[in-house]
Structure formats: structure tokens, C-alpha cells
Amino acid sequence: MGFPVNVPSQSPPKPLNFLIYGKTGWIGGLLGKLCQSQSIPFAYGSGRLEDRRSLEADLAACDPSHVINAAGVTGRPNVDWCESHKVETIRANVVGTLTLADVCRERGLILINYATGCIFEYDAEHPLGSGVGFKEEDTPNFIGSFYSKTKAMVEDLLRNYENVCTLRVRMPISSDLSNPRNFITKISRYEKVVNIPNSMTILDELLPISIEMAKRNLTGIWNFTNPGVVSHNEILEMYREYIDPNFTWKNFTLEEQAQVIVAPRSNNELDATKLSREFPELLSIKESLIKYVFKPNQKTSVA
């Protein structure tokens, strides 16, 4: 459902003009390029999310039609950082996001918020390999990492904001295989990988959809992943097939992985039915991987 913007019904819709937070981040940078390619006016916010006055100043200067939040703390090099920087993580992921949502609501603006689907883990009702995915209304059941705990907290609170569109991103992948944040780049460089099917987000396909969601004034929670699941080994097999025929990798178990990471990692399948219903052209995860990532980067001849 759309959020009722505070303008008289006879007024024409406000021309698109996006205010984007997360200029230095991966998704924030890609969104700016997408806006340029679609000739959508946009500006990057300069205020800190937890500083209400600076957000109000950004909104006054930009006068946006929509606000897009791709900022937040994920930790460098990974979410283990959040375990030892809890206050900084809360400040960015909880206080900051809620402040931005609140300021937007005061002005009758929709906030498109890139969140995470790493707040679930396979359980008895959603067993690994069953094809039964977690839905938008399901309560998060993964609190293994402090990062995921803060994300689940803020998602629950944002349910009360009728102006927010929450997009649950998972293990994001793009066609830029040199980017260290790219899930494929990460696992291709690991010494060993676990081999578990997961829902994932192909940014090349889904980020343009998120801009369309803003145009449609969609709100609420959305599982923002391609339909279906793909395992680490399946991705690396495609990598070997399309990119590097000599590529090899080693697997290890979750128990062995636990020895080398600080916080457990989320593994799950999200049900993408709601998104597919709104965007019937959405490709399954394996089709999307081939079309948007591996074919454009193809270096070997595929039989």
C-alpha cells in the first residue's frame, strides 16, 4: 500500500527528487549512478543520521520527493567488528535509522530503507532445503551476531512507521567482481567456505526495482531477494565455468567456521512471493546470477 503524502488530492504529484544517504557506501554509490542513468534529480545527504538537526537541514536544502537510506554500519572487514563496537553500531543502525524515519514522517515523506534479511536462520518450520522461506510478517529468530540483533530491533520498531519501505537485502552480489563487498568476491578469496543454500540479492537487477518501488510509493516490509536459493558451491562452480576454469576452493563445516569467526552467520531462505507479485519479471537467483553477473564477466567458453 502507498503512504498518503500530505498534499491536497488535486495537487499534481511532486516531481521525483531523491535525497540519498550512504554516499561512501557500495549501495549508495550504485544508487547515484542509477539516478544519473535515469535522469532522476538527486542529492546525497551530508548530515549524520543520529543528528536530527543535520537531517532537517538536508531536507530543507534538497526538498526531496523521497528519501533513500543506504547508510549504516556493517563493520569492516565484516560484521565481527560490530561485536566490539556495540555503541557505534547502535548509534548508526538504530538511533540513526529511527531518527531519519521520524524526520521523514514529520514531512510526509516516504523513506526507502535498505535493511537486511540476515535476521533469520533455518528452523523446524523453515528447514534447510525445504523451499519454505521466511515471510515479511515473520518474527526474526537469529540473534547470533550483534549486527543482526540491532537490525531486527530497528525493523520491528519501523513497522510502526507507515511511511517506511523496508527492503531486506541478503548477501548482496553485483556484476563488479572487483568489489570487496561483493559476496562472490568475498567467497572466491576465502581460504575455505561453508556450503549452505541461501537467499541472495542481485543488485544489478534489484536496485532499479527499488527505484521503481519509490515511484510507486510502496511501503512496508519486503523480502528484497531473488526467488529461490543458491549455495556457495553452486556460485563457485559458475565462477569456475564462466570466469576461471582453474579456480578451486575448499569447504569446511559450520563448526569449523565457528573457530575462525567471532559471531555466527545467518543462513536462511526468504520467501520472495510478495516482491515477485509486484514485479513479475523478477528472475530466480540462478537465472539472475547468469544474466547479470556471470555472462557480462564471461572469460571462458561455456559448452
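Residues numbered from 1 in each chain as written. Predicted model: local features only at pLDDT ≥ 70, side-chain atom pairs only at ≥ 80, totals over all residues. Heavy atoms only, no water.

(A) How the structure looks around the nonpolar core. Counting 29 residues, the largest nonpolar core has Leu-31, Tyr-114, Met-213, Phe-224 and Leu-275 as the members making the most contacts within it. Considering every element that reaches this core, the biggest residue donor is helix α7 (residues 203–215), with 7 residues. When neighbours within four sequence positions are excluded, Tyr-114 is seen to be in contact with Ile-27, Leu-31, Ile-68, Asn-69, Ala-70, Lys-151, Leu-167, Val-169, Leu-207, Ser-210 and Phe-224. Counting 21 residues, the second largest nonpolar core, distinct from the first, contains Met-171, Val-193, Ile-285 and Leu-289. (Core = buried A, V, L, I, M, F, W, Y, C linked by side-chain atoms within 4.5 Å. Buried < 20%, exposed > 50% of the residue type's maximum accessible area, 1.4 Å probe, protein only. Helix = DSSP H or I, 4+ residues; strand = E, 2+ residues; numbered from the N terminus. Contact = heavy atoms within 4.5 Å.)

(B) Looking closely at the environment of Ser-65. Mapped onto the fold, Ser-65 is located in the loop between α2 (52–62) and β3 (66–69). On the basis of relative accessibility, which here comes to 10%, the residue Ser-65 falls in the buried class. In this structure, the C-alpha to C-alpha distance between Ser-65 and Val-194, residues 129 residues apart in sequence, is 43 Å. When near neighbours in sequence (up to four residues on either side) are disregarded, Ser-65 contacts Lys-14, Pro-15, Leu-16, Asn-17, Phe-18 and Leu-109. At a separation of 2.8 Å, a polar atom in the side chain of Ser-65 contacts the side chain of His-66. (Polar contact = N/O pair within 3.5 Å; in protein donor to acceptor, adjacent residues only side chain to side chain.)

(C) Structural context of the side chain of Ser-188. In this fold, Ser-188 is placed in helix α6 (residues 183–189). On the basis of relative accessibility, which here comes to 19%, the residue Ser-188 falls in the buried class. Side-chain polar atoms of Ser-188 contact the backbone oxygen of Thr-185, separated by 2.9 Å.

(D) Highlighting the packing of aromatic side chains. Going through the model one piece at a time under the given rule, you end up with 6 aromatic pairs. Note on Tyr-114 and Phe-224: the rings are 6.5 Å apart at their centroids and 65° apart in plane angle, and the pair reads as edge-to-face. With Tyr-114 in strand β4 (residues 110–116) and Phe-224 in the loop between β7 (220–223) and α8 (232–242), this residue pair connects regions lying 110 residues apart in the sequence. Using a relative accessible area of 7% as the deciding quantity, one classes Tyr-114 as buried. With a relative accessible area of 0%, Phe-224 lands in the buried category. (Phe/Tyr/Trp six-rings, centres within 6.5 Å; stacked < 30°, edge-to-face > 60°.)

(E) Region of interest: the pairing of strand β1 (residues 18–21). Along β1, one buried face is formed by Phe-18 and Ile-20 and the opposite face, lined by Leu-19 and Tyr-21, is buried too. In this sheet, strand β2 (residues 42–44) lies alongside β1 in parallel orientation, the contact comprising 3 bridges. Bridge pairing in β2 places Leu-19 opposite Ala-43. In this fold, the crossover linking β1 to β2 by way of helix α1 (residues 26–37) has right-handed handedness. (Pairing = 2+ DSSP bridges. Right-handed = clockwise from strand over helix to strand, strands pointing away.)

(F) The arrangement of the packing of α1 against α7 in detail. Relative to each other, α1 and α7 sit at 65°, their axes nearing to 10 Å. In terms of their interaxial angle, α1 and α7 are classed as roughly perpendicular. Considering how the two elements wind past one another, α1 and α7 form a crossing that is right-handed. Here Trp-26, Ile-27, Leu-30, Leu-31, Leu-34 and Cys-35 of α1 come into contact with α7, specifically with Leu-203, Leu-207, Pro-208, Ser-210 and Ile-211. Taken together, the residues that form the contact of α1 with α7 break down as 10 nonpolar, 1 polar and no charged. (Axes fitted to C-alpha atoms, helices over the stretch in contact; angles between N-to-C directions. Parallel < 35°, antiparallel > 145°, perpendicular 65-115°, else oblique. Left-handed = near helix turned anticlockwise from the far one by under 90°. Nonpolar A, V, L, I, M, F, W, Y, C, P; charged D, E, K, R; others polar.)

(G) Molecular detail of the pairing of strand β5 (residues 164–169). Taken across its 6 residues, β5 has 6 buried, putting it largely inside the fold. The alternating pattern of β5 places Val-164, Thr-166 and Arg-168 and Cys-165, Leu-167 and Val-169 on opposite faces, both of which are buried. By the bridge criterion, 6 bridges tie β4 to β5 in an arrangement that is parallel. Among the inter-strand pairings, Ile-112 is bridged to a residue of β5, identified as Cys-165. Of the crossover connections in this fold, the one passing from β4 over helix α5 (residues 146–158) to the parallel β5 is right-handed. Note: β5 against β7, 4 bridges, orientation parallel. Among the inter-strand pairings, Cys-165 is bridged to a residue of β7, identified as Gly-220.

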